[in-house]
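# Overview (structure and organization)
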Amino acid sequence: MKNKLLQSLIFIVLLVAAGCMSVPATTVTAGTTPLVTTQWLEKNLEAKDLVVIDVRTTTNYGVGHIPGSFNIPYVGWEPFNQERECQLMPKPEDLTQMLQAIGVNPSSHVVIYDHGNSIGDATKGCATVWILEAIGHTNVSYLNGGFTKWTFEGRIIDNKVPESKAGTFVAKIDSSKVTTLKQILDKVKKKDAVIVDARNSNQHFGADKRADVERFGHIPGSINLPAPFLNNAGANRAPATIRDSKQLADMVKGVGIPSDKNREIIVYCNTGQYAGMDYFVLHDILGYKKVSVYDASMLEYGADDDLALNTFVWGRSAK
């Protein structure tokens, strides 16, 4: 009887030991959602294949950041292109160098976070997710609520700059996720794509415009899905979190975007930044498969007086 009890105890100890060894703390969970929580990130901060990127300013990063995160401010993701006079993502070779410098590999799970306080913050984070997916790195997530939610919850921050071995990821543009001026003009003419304006409703209607955009109005046939409506930024001073998927689906249906997840959708705004939020919601949360961003957006389109713009009228629902 004693021998059997001893054997049972030994067997249990071996099982526990084997279980501990078979689930290492340095493994990222497969199939991670594109939208991750602060709880999930805190639990996985030590994961071997995880690379966390802070897109806030260098100053904010230096004051304090999520432990282990690297800083690539948003201006580095969408710098102003002097030649075309609009904001554009850098060349693939520049993005490759930027990402390899912080250790990004093809297998890396990249998590992006922003300041998480305003819609301007949240759109920077989401636009960065779009850029990563547009250059072929699809294992990427967005931290819901960003740095503000992280600190509101009392989670640890530090000001140490992490070290990293050089990564091996090589950026390559996925043309299905980036739309050019020539392509959007062709789609407007053929009317075979759903064009979505992510700007606020005043700008879409033509009653207002951003100072550096030359003209008022929206691209003919475009539907208005304002990026600020997709986020809870500013609600009761809460962090800028993405609305729940049910609300998002209702909004998308309400503005007239077809339910067919295979319809081609092109999103634009003023600079590409707000369009990133619409892209993230449509593609990564709601599952539309063919979503792209017109990167140069209204800074480029509005500067050409020969291109049509509609004013004082709402965009039509797509069929």
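Preceding this section is the structure that the text describes.
Only a predicted model underlies this, so the values are computations on that prediction, with no experimental measurement involved. (Residues numbered from 1 in each chain as written. Predicted model: local features only at pLDDT ≥ 70, side-chain atom pairs only at ≥ 80, totals over all residues. Heavy atoms only, no water.)

### Some words on the packing of aromatic side chains
According to the stated counting rule, one finds 4 aromatic pairs in the structure shown. Between the aromatic rings of Phe205 and Trp314, the centroid separation amounts to 4.7 Å while the plane-to-plane angle is 35°, which identifies the pairing as tilted. One end of the pair, Phe205, is in helix α8 (residues 201–205); the other, Trp314, is in the segment after α11 (297–301), with 109 residues separating them in the sequence. Residue classification places Phe205 among the partly exposed positions, given a relative accessible area of 24%. Here the basic side chain of Lys209 rests over the ring of Phe216, its NZ or CZ set 5.5 Å away from the ring centre. (Phe/Tyr/Trp six-rings, centres within 6.5 Å; stacked < 30°, edge-to-face > 60°. Helix = DSSP H or I, 4+ residues; strand = E, 2+ residues; numbered from the N terminus. Buried < 20%, exposed > 50% of the residue type's maximum accessible area, 1.4 Å probe, protein only. Lys NZ or Arg CZ within 6 Å of the ring centre and 35° of its normal.)

### Some thoughts on the sheet that holds strand β11 (residues 264–268)
The sheet built from 5 strands is open, its strands ordered β8-β12-β11-β9-β10 with parallel pairing. Edge positions in the sheet fall to β8 (178–179) and β10 (223–224), since each of these pairs with one other strand and no more. Bridge analysis of strand β9 (residues 194–197) against β11 gives 4 bridges, and the strand direction is parallel. The residue bridging Val196 from the neighbouring strand is Val267, located in β11. (Pairing = 2+ DSSP bridges.)

### Some details on the nonpolar core
Grouped together as the largest cluster of nonpolar side chains are 55 residues, with contacts concentrated most on Ile53, Trp77, Leu99, Ile257, Ile265 and Met277. A per-element tally of this core places helix α5 (residues 119–134) first, with 9 residues. Sequence-distant contacts of Ile265, that is, excluding residues within four places in its chain, are made with Val194, Val196, Ile257, Leu282, Tyr288, Lys290, Val291 and Ser292. (Core = buried A, V, L, I, M, F, W, Y, C linked by side-chain atoms within 4.5 Å. Contact = heavy atoms within 4.5 Å.)

Keep in mind these numbers describe shape, not what the thing actually does.
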